[in-house]
Every structure is written in C-alpha cells, then in structure tokens.
Amino acid sequence: MPILLHNGRILVDGAFHEDLAVVVDGDRIAAIGPEAALRAAFPEATGRDLNGDRLVPGYIDTQVNGGGGVLFNDAPTVETIARIGAAHRRFGTTGFLPTLISDDLAVVDRAIDAVEQAMAEGVPGVLGIHIEGPFLNVARKGIHDPARFRTLNDEAVRLLTRMKTGRTLITLAPETTTPDMIQALIAGGAVVAAGHTDADYATIRAALDAGLTGFTHLFNAMSPLKSRAPGVVGAALENTTAWCGVIVDGHHVDPVVLKLALRCRPADRFMLVTDAMPSVGAEGDHFFLQGRRITVKDGACLDERGVLAGSDLDMASAVRNARDLIGLDLPTAVMMASGAPAAFLGLERERGRIAPGFAADLVRLDDDLKAVESWIDGRTAA
C-alpha cells in the first residue's frame, strides 16, 4: 500500500519545500508533487502527516566501527551488524558500511562473510563493508595496532575483492603499496581511499592517477600541509574530484580548519562520517578495543595515552555540527551526509536524494534536527 508523506518541509534538489508531498510505494519513491495532485494520482495511498517536520534523504555513513555497545572487530557477525545498524538508525543513518579496524586477515575474511550474509538476510541499511587497514603506515597509526599491519600482496587483493554484493571500501596508505596494486583493487570492484598515511604529495598524486577516489578522515592520521611539503592534506585539498571524509565532532578537526578546507574544493566532494565506536547509542563510559581500554568523555573516545580512538559521534549530530560549528546551510550539511557518500560509493542514481525512482531511504527531522522517524527501503523501524 503506497504511503503519502505530507504536511512537511521536503528537501528536494537543495531546497526545502512546504508545498510538496512524497509518495512511497514499496521500496521506492514513486512520486513528488503537490499533495492534492498526488492524492488524485494515488487514491489508495495511506496518508502520513509529518506535522511540519523536515523530510530529508537518509544519511549514509561510510565509517561505522561500532554502536549499540558492540564493536565490529570483536564479533564480525550478522548479529553485530544488525545491532550496530539499529543503534545508528536512531540518529538518521539509513545506509552504512560496517568498518573493520586493522586486524588479521582471517578476521577480515570473517567480516566479509558476515556482511554478505547480512545483506542476503536483508539487515536494514547495510551497503557493504569498509576495511580500514591493515595496509597502513606505522608513522600514522593512530589507534590502530601496528602489530597487525602487513604488506598488500596478490593474495590479499583476492581476499579484499572477493565480495561481489554491495560495496567494498579499502583504506590504505599508498606509500606502502604501488599504483598497480591500487589498480588491481579497483579492477576487482573495490573503492580505494588513502588513510593513516605519511605519503608525500607525489605519491598521493600517483595514487589518484591509479584510481584512488577517497581520503579517510581528512586531516587525521595523515601527513599535513606544510610550506614546502604539501603532503596528503595538500594533495587532497588541491584535488576537486575525490571525496574527503570529515569527522565534525569538535575533537578531530578544529572548525576553522574545516571552514578553510571547504573554501578549497567543492562541498559535494566532502562527506560526513562518524568513525563511530560502541558508545554511540549505548550507555557506559568506556569500551575495549583489541584489549585496550577506551574512555568516553565529553564526546571524545580516548585511550590511556590520550589518542583519539574513533568517535562518540552520530550522524544527526554530525549534520547539526556541520551547520552550527562550520556554518553550512542545512541543505548542504544534509547533502554531505547523504548525496555525497552515495556518489562516493557509486550509488548516486539510487540513493542520497529524494527523487522519483530512488530508494525510499528517508529521515524525518524535528526542529532540533533530531531524527524522529526513518524509512529504509520504504519500511519504518519495527
């Protein structure tokens, strides 16, 4: 039975419209138009009054380590993925990549199996997997365990590209491998991003030429921009086509730095990510990452040395922070949480917009930008 979503502020093509309604039929958006016209065209549709709330495309998070009290690394299973997805859905995330922090390849193998099974079973919101490491640079290890780092070889490429459903995102340090290896990953269907990297500008340029299309948590765990050494950050800001993930939580990157970055390149080539840990959607002031105690305090996740360990950020807060901390208008902030990550994953023709024919992944926001209701493939949460 079609659903008519009306009496709201609908975000369509970069602007909110009070005079439009949306028809959802099955898992797709069937039509957008004036309410009266849609009622005439879909007389069987059940009305859903939005009571003046905003309706925006569902948020897509490409970096989700955990949530709801669980970490993907601890138990790479369908149950873990479902729990993480349910926790983040409360904050407007309708699509996500369960993210595996650097681990043994046997764990990577199990994680891929779990994501394939989760997608086969229809776990809401799962779009693929993000394998962050273990092909990283110890000089920019961040919270990752360098004992698990290894060199990318042909066997590893076969493992990383074996998932044929959904999207596979690989974060690696380009200086630890070769452009040929990056091309092999892309030829196998993976999306490749640079992260936890100490590469120089020339190495990143070569990786971009080889097909690299992303930068994982821009500014964090990468060589900085210097006057005579542009580094990874300089290469990313100069480039206008790759996508840069940014963690807008007030802890990872100063808002002034983010404002400057947004002046350098198109806004639609930035995407909001959470890098979320188990604390999102859960109680408690700590969790454990590969045996290390991580303390959650004032919205930051820190190990005993004060190193940031992912975040306590959710996507609704990321959108709000993008508006309040770095001054973006709300349509742009929402685009960076929906349309931009959809395009990064190659899903721009089916997700990330409110448009006829697109997946009915939608979020209803109140005036505080809290997610009060969501639809994934046309279904509300149980």
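What counts and how
- Residues numbered from 1 in each chain as written.
- Predicted model: local features only at pLDDT ≥ 70, side-chain atom pairs only at ≥ 80, totals over all residues.
- Heavy atoms only, no water.
- Helix = DSSP H or I, 4+ residues; strand = E, 2+ residues; numbered from the N terminus.
- Buried < 20%, exposed > 50% of the residue type's maximum accessible area, 1.4 Å probe, protein only.
- Lys, Arg positive; Asp, Glu negative; His and termini not counted.
- Charge placed at Lys NZ, Arg CZ, Asp CG, Glu CD.
- Arc of directions from axis to C-beta.
- Contact = heavy atoms within 4.5 Å.
- Pairing = 2+ DSSP bridges.
- Axes fitted to C-alpha atoms, helices over the stretch in contact; angles between N-to-C directions.
- Left-handed = near helix turned anticlockwise from the far one by under 90°.
- Nonpolar A, V, L, I, M, F, W, Y, C, P; charged D, E, K, R; others polar.
- Phe/Tyr/Trp six-rings, centres within 6.5 Å; stacked < 30°, edge-to-face > 60°.
- Lys NZ or Arg CZ within 6 Å of the ring centre and 35° of its normal.

Residue-level account of the overall build of the protein chain, with values.
Summing up its helical and strand segments, the protein chain has 11 helices and 24 strands in all. Along the first, second and third principal axes, the C-alpha atoms of the protein chain reach 60 × 45 × 40 Å. Every one of the 382 residues in the protein chain was classed for burial, and the buried ones make up 57%. Computed over 36 positive and 49 negative side-chain charges, the inter-centroid distance for the protein chain is 2 Å.

How would you explain helix 5 (residues 179-187) if you had to name every residue and give the values?
If you check which residues of helix 5 are buried, you get M181, I182 and L185. One face of helix 5 carries all of its buried residues, which in axial projection span an arc of 100°. Exposed side chains of helix 5 directed beyond 90 degrees from the buried face belong to D180 and A187. Next to the buried residues of helix 5 lie helix 4 (154-160), strand 13 (167-172), strand 14 (190-194) and helix 6 (201-210).

Break down the sheet that holds strand 8 (residues 59-64) for me, with residues and values.
Overall, parallel pairing links the eight strands, which are arranged 8-11-12-13-14-15-16-17 in an open sheet. Sheet topology places strand 8 and strand 17 (270-272) at the edges, where each strand pairs with a single neighbour. Alignment of strand 13 against strand 14, held across five bridges, turns out to be parallel. The residue of strand 14 that forms the bridge with T171 is A193. Helix-sheet contacts for helix 10 (residues 330-337) involve strand 8, strand 16 (243-246) and strand 17, and the interaxial angle to strand 17 is about 80°.

Pulling in residues and values, what's your account of the packing of helix 5 against helix 6?
Each pair of packed helices gets described by two things: the angle between the helix axes and the distance between those axes. In the contact formed by helix 5 and helix 6, the axes pass within 9 Å of each other and the chain directions differ by 30°. As helix 5 packs across helix 6, the resulting crossing turns out to be right-handed. Every residue of helix 6 that contacts helix 5 at P179, I182, Q183 and I186 is listed here: A206, A207 and A210. Looking at the contact of helix 5 with helix 6 residue by residue, the class counts come to six nonpolar, one polar and no charged.

Tell me about the packing of aromatic side chains, and please be specific about residues and values.
Here the structure, examined in full by the defined rule, presents one aromatic pair. Lying across the ring of F16, R54 places its NZ or CZ 5.5 Å from the centre. The ring of F270 has R265 lying over it, and the distance from NZ or CZ to the ring centre is 5.2 Å.

I'd like a rundown of the pairing of strand 18 (residues 286-289), residues and numbers included.
A one-sided burial pattern is seen for strand 18, the buried positions being F287 and L289 and the unburied ones H286 and F288. Relative to strand 19 (residues 292-297), strand 18 is paired through four bridges, and the arrangement is antiparallel. When the bridges of strand 19 are listed, F287 appears paired with I294. Counting the residues between successive antiparallel strands, the hairpin from strand 18 to strand 19 contains two residues, one of them, Q290, with a positive phi of roughly 50°.

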